[in-house]
Amino acid sequence: MEIEELFKDFTVYGEKIPVARVKYTGIAEKYVVYTEIDRSAGYFADGTDNEAVAEYDFDVYVHGGSFAAILKAVKKKLKAAGYVWQGDSADMYEEDTGFLHKATTFAKEILTEE
């Protein structure tokens with residue numbers, strides 16, 4: 001399942017949380033941005049790569065509140081879809097925007113296309 005489908009109409013406690021790839025351009029006070037940070041061969045057979053491992057960074061931004069519930073919901077959704085948690089960043093504060101920010105990294109094996 002593609003990430004766009006997975007997070008279509010993403011809600012946490014009844015609140016719709018926008019999820020964007022690479023950059024969010026809206027005005028929401030809470031949102032998630034994801035980025036593919038690496039894709040490398042994961043499994044070789046008969047001299048060719050049959051699977052790849054894709055790693056994604058999911059960044060949760062919250063202005064004036066806590067990111068804990070959103071982060072937990074992102075992790076739950078990704079784990080249910082077969083992604084494997086790789087770790088979290090330190091808590092961050094964006095001085096220029098006033099947003100709290102936390103990143104989490106997940107990976108998933110995917111079949112390569114010929």
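Everything numeric in this text was worked out from a predicted model, so none of it was measured. Per-chain numbering applies: the sequence of each chain, read as written, is numbered from 1 onward. Only residues with pLDDT of at least 70 are given local features in this predicted model, and only at 80 or more are side-chain atom pairs given and counted; all residues enter the totals for whole chains, interfaces and linings. Side-chain numbers come from the whole structure's heavy atoms, not from hydrogens or water.

Digging into unusual backbone geometry
At step 1: At D9, a position not held by glycine, the phi torsion is positive, near 60 degrees.
At step 2: Along the chain, D9 turns up in the loop between α1 (3-6) and β1 (11-12).
At step 3: Accessibility here uses a 1.4 Å probe with only protein chains present; expressed as a share of the type maximum, an area under 20% marks a residue as buried, one over 50% as exposed, and anything in between as partly exposed. The exposure class assigned to D9 is exposed, which follows from its relative accessible area of 52%. Put simply, DSSP marks the helices as runs of H or I at least four residues long and the strands as runs of E at least two long, and each gets a number from the N terminus on.

Structural notes on the nonpolar core
At step 1: By size, the foremost hydrophobic cluster in this structure holds 20 residues, and its most contacted members are F7, F10, V32, F58, I70, V74 and L78.
At step 2: Where this core is concerned, the elements lending two or more residues are α1, β4 (30-45), β5 (48-63) and α2 (68-80).
At step 3: It is β5 that provides the largest number of residues to this core, a total of five residues.
At step 4: Here a residue-residue contact requires only that any non-hydrogen atoms of the pair lie within 4.5 Å. Residues contacting V74, with those up to four places away along its chain left out, are F7, F10, V32 and F58. Nine residue types can take part in a nonpolar core, namely buried Ala, Val, Leu, Ile, Met, Phe, Trp, Tyr and Cys, and a core is a set of them joined through side-chain atoms within 4.5 Å.

Overview of α2
At step 1: Here α2 contains 13 residues, and its C-alpha end-to-end distance of 18 Å stays within 8% of the 18 Å for a straight helix at 1.5 Å per residue.
At step 2: Turning to α2, its buried residues number three or more, namely I70, L71, V74, K75 and L78. All buried residues of α2 lie within an arc of 135 degrees about the axis, which places them on one face of the element. Residues of α2 that are exposed and angled more than 90 degrees away from the buried face: K72, K76 and A80.
At step 3: Backbone geometry just after α2 places G82 at a positive phi near 95 degrees. The length a helix should cover is 1.5 Å for every residue beyond the first. Taking the helix axis as origin, the arc is that swept by the directions to the C-beta atoms.

Remarks on the environment of Q86
At step 1: By secondary structure assignment, the location of Q86 is in strand β6 (residues 84-88).
At step 2: On the basis of relative accessible area, Q86 is assigned to the partly exposed category, the value being 44%.
At step 3: Between the C-alpha atoms of Q86 and F106, which are 20 residues apart in sequence, the distance is 5.2 Å.
At step 4: In contact with Q86, other than residues within four places in its own chain, are T105, F106 and A107.
At step 5: As used in this structure description, the phrase polar contact means that two N or O atoms lie within 3.5 Å; if the pair is within protein, one of them must be able to donate a hydrogen and the other to accept it, and residues adjacent in sequence are counted only when both atoms belong to side chains. Reaching out from Q86, the side chain makes a polar contact with the backbone oxygen of V84 at a distance of 3.3 Å.

Quick notes on the environment of K108
At step 1: Tracing the backbone shows K108 in strand β8 (residues 99-111).
At step 2: In this structure K108 comes out as buried when scored by relative accessible area, which is 19%.
At step 3: Remark: the alpha-carbon pair of K108 and A52, spanning 56 residues in sequence, is separated by 8.2 Å.
At step 4: Only 2.8 Å separates the side chain of K108 from the backbone oxygen of A81, close enough to count as a polar contact.

Things to note about the packing of aromatic side chains
At step 1: Stacked, edge-to-face and tilted are the three classes for Phe, Tyr and Trp ring pairs, Trp counted by its six-membered ring, which pair at centre distances within 6.5 Å; planes under 30 degrees apart are stacked, over 60 edge-to-face, the rest tilted. Under the definition given, this model contains ten aromatic pairs.
At step 2: With a centroid separation of 5.9 Å and 40 degrees between ring planes, the pair formed by F7 and F58 is classed as tilted. Of this pair, F7 sits in the loop between α1 and β1 while F58 is found in strand β5, placing the two residues 51 residues apart along the sequence. Both residues of the pair, F7 and F58, belong to the buried class.
At step 3: Seen from their ring centres, F58 and F106 are 6.5 Å apart, and the 85 degrees between their planes marks the pair as edge-to-face. One end of the pair, F58, is in strand β5; the other, F106, is in strand β8, and 48 residues separate them in sequence. F106 carries the same exposure label as F58, and that label is buried.
At step 4: In this structure an aromatic cluster arises from ring pairing among F7, F10, Y34, Y56, F58, Y83 and F106.

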